[in-house]
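Each chain, written out:
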Amino acid sequence: MPSWWCENAWLPPGRVAARVLVTVTDLRITSIETDVDAPSTAERLKGLVIPGLANTHSHAFHRALRGRTQSARGDFWTWRDQMYAVANRLDPENYLALARATYAEMALAGITCVGEFHYMHHQPGGVRYPDPNAMGDALIEAAAQVGVRLTLLDACYLAGGIGEPLLPSQQRFSDGDAAGWAQRVDEIAGAAHVRIGAAIHSVRAVPADQLGDVADWARTRAVPLHFHLSEQRAENDACVERYGVTPTRLLADSGALGAATVAVHATHLTADDIALLASNLTGVCLCPTTERDLADGIGPAGALAAAGVALSVGTDGQSVIDLFEEARGIELDERLATYVRGTFTAGALLDSMTVAGHRALGWSDAGQLAVGMRADLVAVDLTSRRTAGGGGTAETVVFAASASDVTDVVVDGTVVVKDREHVRLGDVGAALQSAIDAVTR
Ligand SMILES: [Zn+2]
């Protein structure tokens, strides 16, 4: 039985224990002992070991935009034009290489599970590939090669805006209607490291009369349903003008809210919207670095948490891949908006990165160092120039560490990262460079 001896470990319900021996059988944690000496057979992990991190909202190909969209004035919509230019150069082969390198960067950052919000379904112009799920399969294969779990949130995307046809650059996202979307998604082959979930791209991209079809598909199969919600005020304005209600209300009336549902961003909400999300047990995934990057605004994280909404985090636009930065961004942005410190404890933010994120992606058996859970271990260096002197606490990890402080990562009992190196893939920087060159040159 493989075992890991941790100098310190973050154990539920929220404490640091010293000298922790974690024993694993068949991917799962079978025992946890604290304050014990290291057996000679155990692998040693230094620093503070935390559960695996869940990146609840990713678009892998956005990694190709990093550094390339920062040089001019603009907003979300001008950034989107730049994003579409890259999107329309993707094919199954270069998508696999780009997603593999991007997921490898995530693994090095301690991410053990990715929620990929996937709408790059067809060829440019909308023609099907011979295998209609070739692009989704590329993502599944990329995660397998990297050694992380994946929830493929296959997104229905049918319209260019509320009451508007698709733009030419959006044709490849569409299955024609929700029935066509469902038929294709039902044909995706699963794998042990994968869950298939559903997504409504947004109320912009799916007409109101088809929202319920996607929601029903997810509910029938008891899988996660995600959607972008109120990231932009323009979306709210268009929704109210066309339907007379906010996007949250429209989705609620369509049966799209529920305990397996996650709203992404949820930046511009009314008090009624927040109450609707809370009463339906719907979670929210915040993406603070993306919301900053795209000048979206600051979401009502404190109000959502006070209402009982479970918060998770995602790297979305991949301007950085660092869930420590995302998690502390929840609290630090709340400080800027409210002039109050300490709305979120470090422990609550760690939960957002780990157990809440895994639940949001349909892996309720991951994200905690506890018997019966999947054996995901992430060692965070407490002696780096960022973390030294802070002490082995959740506060040091959440408020001072960066992705670069992750030294070792175990996913489902398998070592994926050792001493800051990806065990299988080696030089991830070189892999990113060549994969991004292929879609930007
Ligand atoms: Zn997104």
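Scroll up to find the structure.
The text that follows walks through the structure, step by step, so that each part is easy to find. From a predicted model like this one, the values you see are computed outputs, not experimental measurements.

Observations concerning the overall build of the chain
Piece 1. Along its length, the chain carries 15 helices and 16 strands.
Piece 2. Over its C-alpha atoms the chain spans a radius of gyration of 21 Å, differing by no more than 12% from the 22 Å that the globule rule assigns to 441 residues.
Piece 3. Projecting the C-alpha coordinates of the chain onto the three principal axes gives extents of approximately 65 × 50 × 45 Å.
Piece 4. The buried share of the chain, taken over its 441 residues, is 60%.
Piece 5. Restricting to contacts in the chain with at least 6 residues of sequence separation, those with at least 24 account for 73%.
Piece 6. Element-wise, carbon and sulfur atoms account for 51% of the exposed surface of the chain, whose accessible area totals about 16,500 Å².
Piece 7. Side-chain charges of the chain comprise 35 positive and 53 negative groups, with the mean position of each set lying 4 Å from the other.

Structural notes on the coordination of the zinc ion
Six octahedral donors around a metal ideally subtend angles of 90 or 180 degrees, whereas four tetrahedral donors ideally subtend 109.5 degrees.
Piece 1. Around the zinc ion, the donor atoms from the protein are His57 (NE2), His59 (NE2), His228 (NE2) and Asp316 (OD), and they sit 2.1 to 2.6 Å away.
Piece 2. Geometry at the zinc ion is irregular, judged from the 4 donor atoms that bind it and their angles of 84 to 169° at the metal.
Piece 3. Summarised as a motif, the one-chain spacing of the donors to the zinc ion is H-x1-H-x168-H-x87-D. In this pair, His57 is assigned in strand 5 (residues 53–58) and Asp316 in the loop between strand 12 (311–313) and helix 11 (323–338), connecting sequence segments 259 residues apart. Asp316 carries the same exposure label as His57, and that label is buried.

What about unusual backbone geometry?
Piece 1. The amide bond that connects Pro12 to the next residue, Pro13, takes the cis arrangement and shows omega of 5°.
Piece 2. One can find Pro13 in the loop between strand 1 (3–11) and strand 2 (15–25).
Piece 3. Phi is positive for Asp316, close to 40°, though the residue is something other than glycine.
Piece 4. The class of Asp316 is buried, set by a relative accessible area of 4%.

Quick word on the packing of aromatic side chains
Piece 1. Overall, the coordinates contain 7 aromatic pairs when judged by the stated rule.
Piece 2. Here Phe76 and Trp79 contribute two aromatic rings whose centre-to-centre distance is 5.8 Å and whose plane-to-plane angle is 40°, an arrangement assigned as tilted. With a gap of 3 residues between them, Phe76 and Trp79 both fall in helix 1 (residues 76–87), about one helical turn apart. Judged on exposure class, the residue Phe76 and its partner Trp79 are both buried.

Topic: helix 3 (residues 134–146)
Piece 1. Given a rise of 1.5 Å per residue, 13 residues ought to cover 18 Å, and the 18 Å separating the end C-alpha atoms of helix 3 matches this to within 8%.
Piece 2. Tucked into the core, helix 3 has its buried residues touching helix 2 (92–108), strand 6 (111–118), strand 7 (149–156), strand 8 (194–200), strand 15 (414–418) and strand 16 (421–422).
Piece 3. Taken from the residues just after helix 3, Gly147 is the one with a positive phi, measuring 95°.

Observations regarding the sheet that holds strand 9 (residues 225–229)
Piece 1. The parallel open sheet is built from 8 strands, whose spatial order is 5-6-7-8-9-10-11-12. Of all strands in the sheet, those with a lone pairing partner are strand 5 and strand 12, marking the two edges. Neighbour to neighbour, the strand axes of the sheet diverge by 25° on average, direction disregarded.
Piece 2. Running at roughly 65° to strand 12, helix 12 (residues 346–353) makes contact with strand 5 and strand 12 of the sheet.

Structural notes on the pattern of salt bridges
Piece 1. All told, the structure shown has 23 salt bridges when counted by the stated rule.
Piece 2. Between Arg184 and Asp175 there is a salt bridge whose closest N-O contact spans 2.8 Å. Across this residue pair, the class does not change: Arg184 and Asp175 are buried.
Piece 3. The shortest N-O distance in the salt bridge between Asp381 and Arg420 comes to 3.1 Å. Here the residue Asp381 occupies a position in the loop between strand 13 (377–380) and helix 14 (394–400), and Arg420 occupies one in the loop between strand 15 and strand 16, the gap between them amounting to 39 residues.

What about the sheet that holds strand 14 (residues 406–411)?
Piece 1. With respect to topology, 8 strands assemble into an open sheet ordered 3-2-1-4-13-14-15-16, the strand pairing being mixed. The sheet terminates laterally at strand 3 (28–33) and strand 16, the two strands that pair on one side only.
Piece 2. Direction of pairing for strand 14 relative to strand 15: antiparallel, over a ladder of 3 bridges. By the bridge assignment for strand 15, Val409 is matched with Val417.

Considering the packing of helix 2 against helix 3
Piece 1. Contact geometry for helix 2 and helix 3: axes closest at 8 Å, N-to-C directions at 35°. Between helix 2 and helix 3 lies a crossing of right-handed hand. Residues Pro92, Tyr95, Leu96, Ala99, Arg100, Tyr103, Ala104 and Ala107 of helix 2 form the contact with helix 3, whose own contacting residues are Ala134, Met135, Ala138, Leu139, Glu141, Ala142, Ala143, Gln145 and Val146.
Piece 2. In the contact of helix 2 with helix 3, the residues fall into 14 nonpolar, 1 polar and 2 charged.

Topic: the nonpolar core
Piece 1. Judged by nonpolar contacts, the single largest core of 126 residues is most densely connected at Ile50, Phe61 and Tyr103.
Piece 2. The element best represented in this core is helix 2, accounting for 10 residues.
Piece 3. Beyond its immediate chain neighbours, meaning those up to four positions away, Tyr103 contacts Ser58, Ala60, Val114, Glu116, Leu139, Ala142, Ala143, Val146, Val148 and Leu150.
Piece 4. By size, the runner-up hydrophobic cluster in this structure holds 16 residues, among which are Leu11, Val20, Leu369 and Leu377.

About the criteria used
Residues numbered from 1 in each chain as written. Predicted model: local features only at pLDDT ≥ 70, side-chain atom pairs only at ≥ 80, totals over all residues. Heavy atoms only, no water. Helix = DSSP H or I, 4+ residues; strand = E, 2+ residues; numbered from the N terminus. Rg over C-alpha atoms; globule rule 2.2 N^0.38 Å. Buried < 20%, exposed > 50% of the residue type's maximum accessible area, 1.4 Å probe, protein only. Contact = heavy atoms within 4.5 Å. Areas by Shrake-Rupley, 256 points an atom, 1.4 Å probe, with all protein chains shown as cover. Lys, Arg positive; Asp, Glu negative; His and termini not counted. Charge placed at Lys NZ, Arg CZ, Asp CG, Glu CD. Donors = N, O, S within 2.8 Å, 3.2 Å for Na, K, Ca; no water. Tetrahedral: all angles 85-135°; square planar, octahedral: opposite > 155°, others 65-115°. Phe/Tyr/Trp six-rings, centres within 6.5 Å; stacked < 30°, edge-to-face > 60°. Expected span 1.5 Å × (residues − 1). Pairing = 2+ DSSP bridges. Axes fitted to C-alpha atoms, helices over the stretch in contact; angles between N-to-C directions. Salt bridge = Lys/Arg side-chain N within 4 Å of Asp/Glu carboxyl O. Left-handed = near helix turned anticlockwise from the far one by under 90°. Nonpolar A, V, L, I, M, F, W, Y, C, P; charged D, E, K, R; others polar. Core = buried A, V, L, I, M, F, W, Y, C linked by side-chain atoms within 4.5 Å.

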